[in-house]
Amino acid sequence: LMWAIDRLLACTCVTNMTSEAEAILEEEVSMNERIANNGAALLQDGDTILTYCNTGSLATPGGGTALGVIRRAHEQGKALHVFACETRPLLQGGRLTTYELQRLGIPFTLITDNMAGMLMAQKKIHRVVLGSDRIAVNGDFANKIGTYSLAVLAHYHGIPFHPVAPVS
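Predicted, not measured: the structure shown is a model, and the values here were computed from it.

### Quick notes on the sheet that holds strand β4 (residues 127-131)
Thinking step 1. Strands sit in the order β3-β2-β1-β4-β7 across an open sheet of five strands; the sheet is parallel. A single partner strand is all that each edge strand has here, and the edge strands are β3 (108-111) and β7 (161-164). When the angles between neighbouring strand axes are averaged without regard to direction, this sheet yields 25°.
Thinking step 2. Bridge count between strand β2 (residues 81-85) and β3: four bridges; the pairing is parallel. Bridged to Phe83 within β3 is Thr109.

### A short note on the environment of Leu150
Thinking step 1. When you line up the elements, Leu150 lands in helix α6 (residues 147-157).
Thinking step 2. By relative accessible area, which is 4% here, Leu150 ends up buried.
Thinking step 3. When the C-alpha atoms of Leu150 and Val164 are compared, they prove to be 14 Å apart, with 14 residues separating the residues in sequence.
Thinking step 4. If we ignore the near neighbours within four places in the chain, the residues touching Leu150 are Leu50, Tyr52, Ala116, Met120, Leu130 and Phe161.

### Things to note about the pattern of salt bridges
Thinking step 1. For the coordinates displayed, the defined rule picks out nine salt bridges.
Thinking step 2. Notably, a salt bridge pairs Glu27 with Arg7, separated by 2.8 Å at the nearest N-O pair. Of the two residues, Glu27 sits in helix α2 (residues 14-40) while Arg7 sits in helix α1 (residues 2-9), which places them 20 residues apart along the sequence.
Thinking step 3. Under the relative-accessibility criterion, Arg7 is labelled partly exposed at 25%.
Thinking step 4. Between Glu33 and Arg72 there is a salt bridge; the shortest N-O distance is 2.7 Å.

### With respect to the packing of α2 against helix α3 (residues 66-75)
Thinking step 1. At their nearest, the axes of α2 and α3 sit 8 Å apart, and the two run at 60° to each other. In terms of orientation, α2 lies oblique with respect to α3. Seen from above, α2 lies across α3 with right-handed handedness. For the pair formed by α2 and α3, the contact residues are Glu33, Ile35, Ala36, Asn37, Gly39 and Ala40 on the first element and Gly68, Val69, Arg71, Arg72 and Ala73 on the second.
Thinking step 2. Taken together, the residues of the contact of α2 with α3 sort by class into five nonpolar, three polar and three charged.

Rules behind the numbers
- Here the residue numbers are simple positions, counted from 1 along each chain's written sequence.
- Local features are withheld for residues below a pLDDT of 70 in this predicted model, meaning they are given only at 70 or higher, and side-chain atom pairs are given and counted only at 80 or more; totals for whole chains, interfaces and linings count all residues.
- Values reported for side chains reflect all heavy atoms of the structure, with hydrogen atoms and water molecules removed beforehand.
- Two strands make a pair as long as DSSP finds a minimum of two bridges between them.
- Only DSSP runs of H or I reaching four residues or more are called helices, and only runs of E reaching two or more are called strands; each is numbered from the N terminus.
- Orientation is described by axes fitted as lines to C-alpha atoms, over the contacting stretch for helices, and by angles from 0 to 180 degrees between their N-to-C directions.
- Remark: exposure states derive from per-residue accessible area (1.4 Å probe, protein chains only) relative to the maximum for the residue type, with buried under 20%, exposed over 50%, and partly exposed in between.
- Residues count as neighbours in contact if any of their non-hydrogen atoms are within 4.5 Å of one another.
- Just to be clear on terms, a salt bridge is a Lys or Arg side-chain nitrogen sitting within 4 Å of an Asp or Glu carboxyl oxygen.
- By the definition adopted for this analysis, an angle is roughly parallel if under 35 degrees, roughly antiparallel if over 145, roughly perpendicular if from 65 to 115, and oblique otherwise.
- Helix crossings get a hand from a simple test, with the near helix turned counterclockwise from the far one by less than a right angle marking a left-handed crossing and a clockwise turn marking a right-handed one.
- Under the grouping applied here, Gly and all other residues not named as nonpolar or charged are polar, the nonpolar ones being Ala, Val, Leu, Ile, Met, Phe, Trp, Tyr, Cys and Pro and the charged ones Asp, Glu, Lys and Arg.

Structure below.
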């Protein structure tokens, strides 16, 4: 958000600010579309996907980041099932992600955050696709507190782990 505010503050008048805001929106929607197209190529027909927090159109302009990837694969006709973690403490996954999945017609199961490891051990998760607040040049990324546990579990169980984020 701060990068967008900096761009707007650099504008010399309200008209320029409005044009800049519209340009930012257009860039973000376009970036989300590219993310969706590239990420959907990673998903296979029949995959079960674990996701965390909310990364759909309620969180970003356009179709979203990680949920945009899932949405695009679904639009391509891939049969997917999503396990949506509730995402404590604010329950963004339980409240927002499930709402979006239901509206999109994507089959899902809402799970408590603590169920992820059991599902991975039972081989019911094929890959983890989640958003990221920041990704560093070296590939490190920052996200919600529960993401670390999911990354460790996915690594232990040999499950592909895909943090998804725009350049911004």
